[in-house]
Amino acid sequence: MGRTLIHGAVVVPVLDDSYHKEGYLIIEGTRIAEVGAGTYAGSTDGFDTVIDAKGKLAMPGLINTHGHASMTLLRGYADDLPLQQWLEERCWPIEAKMTDEDIYWGAQLAILEMLKGGTTTFTDMFYFMDRVAQAVEESGIRAVLSRGMVGFDPENGQKLKEQAVQFVQDWHGKADGRVNVMFGPHAEYTCPKHYLVQAAQVATEYKRPIQIHLSETVKEVQDCIERYGKTPVALFEEVGLFNNPTIVAHAVHVTDEDIAILKKYDVRIAHNPDSNLKLGSGVAPALKFLEAGLTVGLGTDGAASNNNLDMFEELRMAAMLHKGVNIDPVAINAFTAVQMATNNGAKALFLEDTLGTLQAGALADIILLDIEQPHFYPKRHNMIAHLAYSSNSHDVTDVFVNGKQLVKDRQVLTMDEKRVYAEIESICERLYAE
Ligand SMILES: [Zn+2]
């Protein structure tokens, strides 16, 4: 079991809004054994690795609670379009051409970007998920994965359900526990009612949580009310979806009654401010969610609707956006935004027992930021405010997941960066051939 000492850093455990101006961390195997304040005074004998992290800030790795990793292949191809046209005329025709090999390299590109930007856990709902899981296993990152389930056509719906079950059986808990699997019925508008009932039942049977898109657009909610006489939230309650642990992505257009239902079942929320803004979907009432006591994590969504996978940007956006929308400068403060990107993200994914904070016993998913840069001065003021309002993903220098160093001095140790770029260019030449 490897032992690593990281000392001399500013340490932000994200347990409360305090932090250590100087502190140290001890990693043993896959977990954090000790977090201490001040200069490390013990012997450095017995450590396999000792990292002098003076001039760095240590914090929990960021947790991306919603996305579609392989949509990196669509980045920059479909922008500034109405949502339906964006989806039906641009995304779906290209996605239909993607092979499992394309999905694998698309996921590699996403993982490369996320690791370099300090994301240590990501969430994905897509297809050919075995290949995404393979990319997770090889790269060393942690992920929550679902085989997306769409149920228009009964025969196909049945097949997807079987694939989703198979994926849970094949991959849940694999890659040294770094792969977590959920069930992923796609959304109300792609899953008829009877199919949602089945998805709820299968999740109960296999004891895995559910992730699903919810009330992203006005049209989605209106269509659902026309179809069933109720909102998507009320429908999901009726079909028994919320009897399972559930995380919903977006929840932009929800009523107060919807929020009360979400609270009743302790449904977790993936808030994707950049994606909702770029697609012109609106702004989710995240402040209301927090006031209702709901758990809110942050997500980037896929690279076609963001277009980066930069969780520091989401963090800053969450801290800024709701002040502006609510005309309230104290809405969602810096610490709350940092929590949303770390331990509340873990809680949103039902992983809070082990992830999202720096404390003894937690899994060692840790990032280091270079704070010897102008935008981190003056240091005597609040470093958590610096994290929320002035840091960015390029500050990340080192990343550890499950106790293993994956990024060192901005280089991803477990991936061949140049190879990923070459594969992506060659794949896109084929996907986008006239
Ligand atoms: Zn999505």
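Since the model is a prediction, treat every value here as computed from it, not as a measurement. (Residues numbered from 1 in each chain as written. Predicted model: local features only at pLDDT ≥ 70, side-chain atom pairs only at ≥ 80, totals over all residues. Heavy atoms only, no water.)

**Some words on the coordination of the zinc ion**
What counts, and what does not: Sites may look incomplete, because water is not among the atoms used; the donor set itself consists of N, O and S atoms within 2.8 Å of the metal (3.2 Å for Na, K and Ca). Only runs of H or I of at least four residues qualify as helices and only runs of E of at least two qualify as strands under DSSP, and these elements are numbered from the N terminus. Accessible area is worked out with a 1.4 Å probe on protein chains only. A residue is then buried under 20% of its type maximum, exposed over 50%, and partly exposed in between.
Around the zinc ion, the protein contributes the donor atoms His66 (NE2), His68 (NE2), His213 (NE2) and Asp301 (OD), which lie 2.1 to 2.7 Å from the metal centre. Going along the chain, you hit the donors of the zinc ion in the pattern H-x1-H-x144-H-x87-D. Remark: His213 occurs in strand β11 (residues 210–214) and His66 occurs in the loop between β6 (62–64) and α1 (83–97); sequence separation between them is 147 residues. An identical accessibility class is assigned to His66 and His213; each is buried.

**What to know about empty space enclosed by the protein**
To be explicit about the condition: In this analysis, the protein atoms alone were mapped onto a 1 Å grid. Cavities are point sets where a 1.4 Å probe fits without being able to get out; pockets are open sets with protein on both sides within 12 Å along at least five of seven lines; lining residues have an atom within 4 Å of a point. Grid points are joined across faces, edges and corners, and a volume is the space filled by probe spheres set on the points. All residues other than Ala, Val, Leu, Ile, Met, Phe, Trp, Tyr, Cys, Pro, Asp, Glu, Lys and Arg, Gly among them, are scored as polar; the first ten of these are nonpolar and the last four charged. All the domain ranges listed were derived from an automatic or database domain assignment.
Enumeration according to the criterion identifies two cavities of 30 Å³ or more in this entry. The computed volume of the largest cavity comes to approximately 40 Å³. In terms of lining residues, the largest cavity is bounded by Asn64, Gly67, His68, Ala69, Met114, Phe122, Thr123, Thr300, Asp301 and Leu309. Considered class by class, the residues forming the lining of the largest cavity number four nonpolar, five polar and one charged. Of the voids in this model, the second largest cavity is the one considered here, and its volume is about 30 Å³. Every residue lining the second largest cavity is listed: Pro60, Gly61, Ile63, Thr120, Thr121, Leu355, Gly356, Leu363 and Asp365. Among the residues forming the lining of the second largest cavity, the class breakdown is four nonpolar, four polar and one charged. The residues that make up the lining of the second largest cavity include at least three from each of domain 1 (3–60 + 356–410) and domain 2 (62–348).

**Examining the layout of surface pockets**
In this structure, the largest pocket encloses a volume near 820 Å³. Residue assignment for the lining of the largest pocket shows that the elements contributing at least two residues are α1, β7 (119–126), β8 (142–149) and α6 (218–228). With eight residues, α1 is the largest single contributor of residues to the lining of the largest pocket. The residue inventory of the lining of the largest pocket, partitioned by class, reads 14 nonpolar, eleven polar and nine charged. Along the wall of the second largest pocket there are 15 residues; nearest its centre are Gly8, Val10, Lys21, Ile371 and Lys379.

**Some points on unusual backbone geometry**
Each neighbour pair has its own omega, and for Asn306 with Asn307 the value is 0°, a cis peptide bond. Inspection of the secondary structure assignment puts Asn307 in the loop between β14 (296–298) and α11 (311–325). Geometrically, the link from Tyr377 to Pro378 is a cis peptide bond, its omega value of 0° lying close to zero. As for its position among the elements, Pro378 is in the loop between β15 (366–370) and α14 (383–389). You will see that Ile327, though not glycine, has its phi angle at about 45°, which is positive. Structurally, Ile327 can be placed in the loop between α11 and α12 (334–341).

**A closer look at the domain arrangement of the chain**
How we decide: Only heavy atoms enter the contact rule, under which two residues are in contact if any of them lie within 4.5 Å. Each of two parts loses accessible area, computed with a 1.4 Å probe, when they are put together; buried area is these two losses added. In the sections that follow, a salt bridge refers to a side-chain nitrogen of Lys or Arg positioned within 4 Å of a carboxyl oxygen of Asp or Glu.
Each assigned domain of the chain is listed with its residue range as follows: domain 1 (3–60 + 356–410) and domain 2 (62–348). For domain 1 and domain 2, the distance between their C-alpha centres works out to 29 Å. Listed by partner, the interface residues are 28 residues for domain 1 and 30 residues for domain 2. Interface area, domain 1 with domain 2, both sides summed: about 2200 Å², of which 67% is carbon and sulfur. Inspection of the region where domain 1 meets domain 2 yields one salt bridge. With a shortest N-O distance of 2.7 Å, Arg142 and Asp365 are connected by a salt bridge. Contributions of two or more residues to the side of domain 1 that touches domain 2 are made by β5 (56–60), β15, α14, β16 (396–401) and β17 (404–408). Looking at the side of domain 1 that touches domain 2, the element that brings in the most residues is α14, giving five residues. Looking at the side of domain 1 that touches domain 2 residue by residue, the class counts come to 18 nonpolar, six polar and four charged.

**Considerations on the pattern of salt bridges**
In this structure the tally under the stated criterion is 19 salt bridges. We note a salt bridge from Arg227 to Glu188, for which the minimum N-O separation is 3.1 Å. With a gap of 39 residues between them, Arg227 in helix α6 and Glu188 in the loop between β10 (184–185) and α5 (193–206) connect regions that are remote in the sequence. Among the charged side chains, a salt-bridge network with shared partners connects Asp100, Glu101 and Arg131.

**Points about the UniProt feature "binding site: Zn(2+)" (unreviewed entry) in the chain**
Just so we agree on the cut-off: UniProt positions are given in the numbering used here, feature names are shortened, and annotations may be inferred rather than shown by experiment.
As annotated by UniProt and renumbered to match this structure, "binding site: Zn(2+)" (unreviewed entry) occupies His66, His68, His213 and Asp301. These annotated residues cover 236 residues of sequence, and their C-alpha atoms lie no more than 11.9 Å from one another, placing them together at a single site. None of the other annotated residues line the largest cavity; only His68 and Asp301 do. Secondary-structure assignment places His68 in the loop between β6 and α1. Here His68 falls in the buried class, since its relative accessible area comes to 9%.

**Considering the packing of helix α4 (residues 154–171) against α5**
Rules: Axes here refer to lines fitted to C-alpha atoms; in helices the fit is confined to the stretch in contact. Angles between the N-to-C directions go from 0 to 180 degrees. Angle categories are assigned with fixed cut-offs, so that under 35 degrees is roughly parallel, over 145 is roughly antiparallel, 65 to 115 is roughly perpendicular, and the rest are oblique. Crossings are classed by handedness, with left-handed meaning an anticlockwise turn of the near helix from the far one by less than a right angle and right-handed meaning a clockwise turn.
Two elements in contact, α4 and α5, have axes whose closest approach is 11 Å; the angle formed by their N-to-C orientations is 20°. The angle between the axes of α4 and α5 places the two elements in the roughly parallel class. Handedness of the crossing formed by α4 with α5: right-handed. Of α5, the residues touching α4 (which contributes Gly157, Gln158, Leu160, Lys161, Val165 and Gln169) are Tyr195, Gln198, Val202 and Tyr206. Residue composition of the contact of α4 with α5, by class: five nonpolar, four polar and one charged.

**Focus on the packing of aromatic side chains**
Each aromatic ring pair is characterised by the separation of its centres together with the angle its planes make. For the record, the criterion: The criterion for an aromatic pair is that two Phe, Tyr or Trp rings (for Trp, the six-membered ring) have centres within 6.5 Å, with stacked assigned to planes under 30 degrees apart, edge-to-face to planes over 60 apart and tilted to the rest. Look at NZ for Lys and CZ for Arg. If either is within 6 Å of the ring centre and within 35 degrees of the ring normal, a charge sits over the ring.
Counted according to the given criterion, the structure contains nine aromatic pairs. Here the aromatic cluster, defined as three or more aromatic residues joined through ring pairs, consists of Tyr24, Tyr40 and Phe47. The ring of Tyr77 has Arg90 lying over it, and the distance from NZ or CZ to the ring centre is 4.7 Å.

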